[in-house]
Each structure stands twice: as structure tokens, then as C-alpha cells.
Amino acid sequence: MGIPDWLNKIIEKIRNLNHSIDNYNKDTVIQSLPAVALVNRAKKLYDEGKYLEAKLILDRAMELPQKDARVLKYQGMVAEKLGNAAEAVEYFQDSADLNPNDKNIWQKLGFALIAINKFVEAEKSFENSDKVAHGNTDTYTGWGMALMKQQRHEEAREKFIIATKINRYNFTAIFLTAVMDIRLNDLDKAETRLAFLANVNPNESNTYEYAHLKFIKKDYDNALFYAKKSLEYNSSMLPSYLLIADVYALNWDVESTLKTYKQAEEKDLISAPLYLEWGLALEKFDRFNEAIEKLQKANELVPEDKDVISNLALSYYMTGQKDQARELMPHAENTFACRLINAIDAYENNDTETALSELRKLSEEKLDYAFVDYYMAKCYEKQNNDTKIKDCYNSAIDKNPIFFRAYRDFAKYSFEKGDFAEAKRKLRKALKLDENNTEILNLLFYACYKLVKDNVCDYNVREALGFAQAAENLGRFEYPDEKSELSELLKTIQEN
């Protein structure tokens, strides 16, 4: 005879009950503590990356009448994985209060506090961690990070060095020691550590920082090499793109500089630093119209950033949009760019002494800023100080060898003084940088035209006409009468 259905159902219920008991026994040998079983179940789910499922189990454990430090600790760990740093801090703190002798709860709390920018509290937490479990390399790494975030670089370096002594393979601590070396201007030590990491544990961060160090030491070829290398490890490393662009900009390679910023944008690395640096590069290249667009984007992302606001004001001012510039300036007073605007304003209002006083101060603050020298030259032009005019124009061109505005105005000043030979020399240098610059071609033609009058010969006439033809081919030539005169002169020379 078969087993009746009612009996089968009873047997199945008993079997299910036994299975549950077996699972419970696997979870914990302490049958009187259900929280332990729930934590162990949650731990398994956590280890499998099932954080939401683990949280559901832990939430059940939280409903038990007795608070359990392990439940709170795992709640904190799950909260971290789910991106809830502030919640993680609360759980870790509660767990630490219940069981302050837990070997790693203070360490976990320290790292969570760093994540929410509570660096002083993090420092104290790592100190507690070291008291409970002395000599842990991760504790000293976190301790150093908390100090580093407080700009206490020397103390941070000491902690990182201890971390590396405890574990010489703690590459994070070695890396952060090198970062502190750089902050403390101990560049040789930083180079030793970063060279080691570049060979033993190469990754995007180590390689970028090595590139950054090379840049600081003005070893620009290697800076470029290692910055590009870092992008091989991680093509979304924004600092590497910015460093590469900086190297190209230093070499006045406009095309490569702007291409690098564009690559970062195409990688969707949209950020205020990207657009600010892009805008600053365009300003450096005297392309203020284009700079406005980039700086406006930066301003949308960080509306109160003074560097962004002041440089946006400068770009507006340099493109004749002075009302827009003046609206922004009160929000970025005493910045370099706003002080430059005030100096230019003084120059344009014929207050050259006030302008020069401010420009001299600005020159000392930024030794390589060509616009300061350019406007000093303009001030000295109003004062008819020939020696200073030449010195300042030459300085501007030395600092910015593609500064066409300076070449142009220096040439025009030389024309006024009748020094066409000097004008020609400067304009030839400018033409080498941009063979299709019609303004330079026109000025070169005029300088040659005037020089031909003093030294008539076939070569000089042909040279002048060559510049005229090049400008005509590009669709803009301004001296047709002078060209006709030289063409007739060339015929005469050939006939004779």
C-alpha cells in the first residue's frame, strides 16, 4: 500500500525543518546567539558581492533586542560598498563603542571618516587602531592619509615610512611617501621611490606621479613619455591629459596642446579643471574668443571659483566685452587676471604710471606671462621711452614666441621710428611660425618696400613682391599701389 498524502506532507515538513536546522548549525556553533548566525549568513553574501541581500539579513539582525558589534560592523562594510560613506561611519562608530577592542574596527572607521572629509577624527581613529593592534601597515597608511589631508606633510611622510617598514610591499604607502617627498621639495628621494614603483608596480597613478615629478624637474621629454605611459594603463586619467597638454604648451605646440584637451573631452572627462586649463591655454595663445567658451563651461561646473571667474573676465575684456568683464570682477577681486584688467584699464585711460606700477608687480609674480611685458611696452610707447619699449617687446616675444600681436605692434612701432630693418627681422621670425598669416605678410611687404628705396637691387625687389604675392594668394593684400611701383621698378632693373 502507498503512503497516504497526509503522511507525505508531514514527512516533507519534517525534512524542511531538518534542512533549516542543518543550515543554522553550519552558520554557528553557538545555538543560543541567533545574531551570530545572521552575521555569518550576511558575511557569505558580502563575500559573494551580494551587498543588498547581505543588508536585508543584517537588517533582520538589527531587529533583535540585543545590539551586536559584529552586526554593526558588517552594516558599515555593506554601506561602504553601496556608496553610503556617512552611514558607514555611523555603523562603525556604534560598533567601536560596543567593542572598542575589535582589532580592525578603528581602522575601518578611520578610512570611512577620510571618505567624508573628517580628517581630524580619522587621525584619532587610526591612533586608537594602533593601540588595539599595534604595527599594522594599513593603519599607518590611513593615519598618514589623514595627516596628508590636513596638509601636515612631514608627519604624514613619517607614518607612510613606518607603514613601508612594516610591509616593504605596501606600494600604496611607498607611493604616498613619494607624493609627500614632492610636497616637501625632497625631489631626489621622490624620484628614487617613483622609479622603483615604475619598474616593480607600474600603474596609472605611479606612472603619472613620476611624470609629474619629471615635469617639476623640467625634464619635459620624460614627463611626456611617462604621462603617455600612464594613459596606457588607464586612458581616463585626466591629470595625465592635463600634464601632456602642459608640456606641449611649453613648447608652443598649439595644435598638439588643443588636440590633447579635445581627447580628454571625447573620453567624457568633463570637469572644471579640464575646461579651466583649456581656457588658460587658449589665453596663453592669445585666442581669447575661444577661451570664453571653455571658461564659460568651467564656470557652469564651479560657479564660485575665482580662477575661473577672473580669467573669464579677462577673456571678455580682451575681446572688447568690457561690461561683461566688469560684472564678474567683484566676484574675483585681487586675482592676477583682475589686477591685469585694472592695469590695462589704467593704460587705456592714459594713467601710465598707475598701469606700470601694477604691471611691474604682476611681472614679479608670473615671470613668464608675456601679456604683462606687452602692456608695459604699450605704456612706454605713450611715454616715448624708446629703450624700455624695445626691451619690453623683446621680453614679451621671448616669453611667447608665437605672440603675433607683439610682433605686429613692435613692427608698427619700428615703422614709426623709421627702423624698417629691425621690423623686418622681427616679422621674419613671426612668419616662420605661421607662413599663412596675412597680417605679417602685409607688414613684411611694407618693410621690404621701404628698405628697397635705400638699396635698390633685383633680389630685394623680388623678395618684397614675393611677400605681396603670398598675401594676395591668401585673399588679403593691403598695398596694391606700392606693389605696382615695385613691379615697374623690377622691369626697369631687368631692362638695364
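This text gives an overview of the structure that appears in the document. (Residues numbered from 1 in each chain as written. Predicted model: local features only at pLDDT ≥ 70, side-chain atom pairs only at ≥ 80, totals over all residues. Heavy atoms only, no water.)

Side note on the packing of aromatic side chains
On inspection of all chains with the given rule, the structure shows 32 aromatic pairs. When the centroid spacing of 6.3 Å and the interplanar angle of 65° are considered together, the rings of Tyr-374 and Tyr-393 count as edge-to-face. Linking Tyr-374 in helix 22 (residues 370–383) with Tyr-393 in helix 23 (residues 386–399), this pair joins segments that are 19 residues apart in sequence. The residues Tyr-374 and Tyr-393 share a single accessibility class, namely buried. In this structure an aromatic cluster arises from ring pairing among Phe-288, Phe-336, Tyr-347, Tyr-369, Phe-371, Tyr-374, Tyr-375, Tyr-393, Phe-403, Phe-410 and Tyr-413. Over the face of the ring belonging to Trp-278 we find Lys-294, whose NZ or CZ atom lies 3.9 Å from the ring centre. (Phe/Tyr/Trp six-rings, centres within 6.5 Å; stacked < 30°, edge-to-face > 60°. Helix = DSSP H or I, 4+ residues; strand = E, 2+ residues; numbered from the N terminus. Buried < 20%, exposed > 50% of the residue type's maximum accessible area, 1.4 Å probe, protein only. Lys NZ or Arg CZ within 6 Å of the ring centre and 35° of its normal.)

Quick notes on the side chain of Ser-129
As for its placement among the helices and strands, Ser-129 is situated in helix 7 (residues 119–132). Exposure remark for Ser-129: the relative accessible area of 1% places this residue in the buried category. The residues contacting Ser-129, other than those within four sequence positions of it, are Lys-103, Trp-106, Gln-107 and Thr-139. (Contact = heavy atoms within 4.5 Å.)

Quick look at the packing of helix 23 against helix 24 (residues 404–416)
Where helix 23 contacts helix 24, the two axes come as close as 10 Å, and the packing angle between them is 155°. Classified by the angle their axes make, helix 23 and helix 24 are roughly antiparallel. For the crossing formed where helix 23 meets helix 24, the hand is left-handed. Contacts between helix 23 and helix 24 pair Asp-386, Ile-389, Lys-390, Tyr-393, Asn-394, Ala-396 and Ile-397 from the former with Ala-406, Tyr-407, Asp-409, Phe-410 and Tyr-413 from the latter. Residues that form the contact of helix 23 with helix 24 fall into these classes: eight nonpolar, one polar and three charged. (Axes fitted to C-alpha atoms, helices over the stretch in contact; angles between N-to-C directions. Parallel < 35°, antiparallel > 145°, perpendicular 65-115°, else oblique. Left-handed = near helix turned anticlockwise from the far one by under 90°. Nonpolar A, V, L, I, M, F, W, Y, C, P; charged D, E, K, R; others polar.)

Brief notes about helix 20 (residues 336–348)
If you check helix 20, its first and last C-alpha atoms are 18 Å apart, about what 13 residues at 1.5 Å a residue would give, namely 18 Å. Burial runs high along helix 20: eleven of the 13 residues are buried. Among the residues of helix 20, those classed as buried are Phe-336, Ala-337, Cys-338, Arg-339, Leu-340, Ile-341, Ala-343, Ile-344, Asp-345, Ala-346 and Tyr-347. Elements that come into contact with the buried residues of helix 20 comprise helix 18 (306–318), helix 19 (322–328), helix 21 (352–365) and helix 22. The first or second residue beyond helix 20 is Asn-350, which carries a positive phi of 65°. (Expected span 1.5 Å × (residues − 1).)

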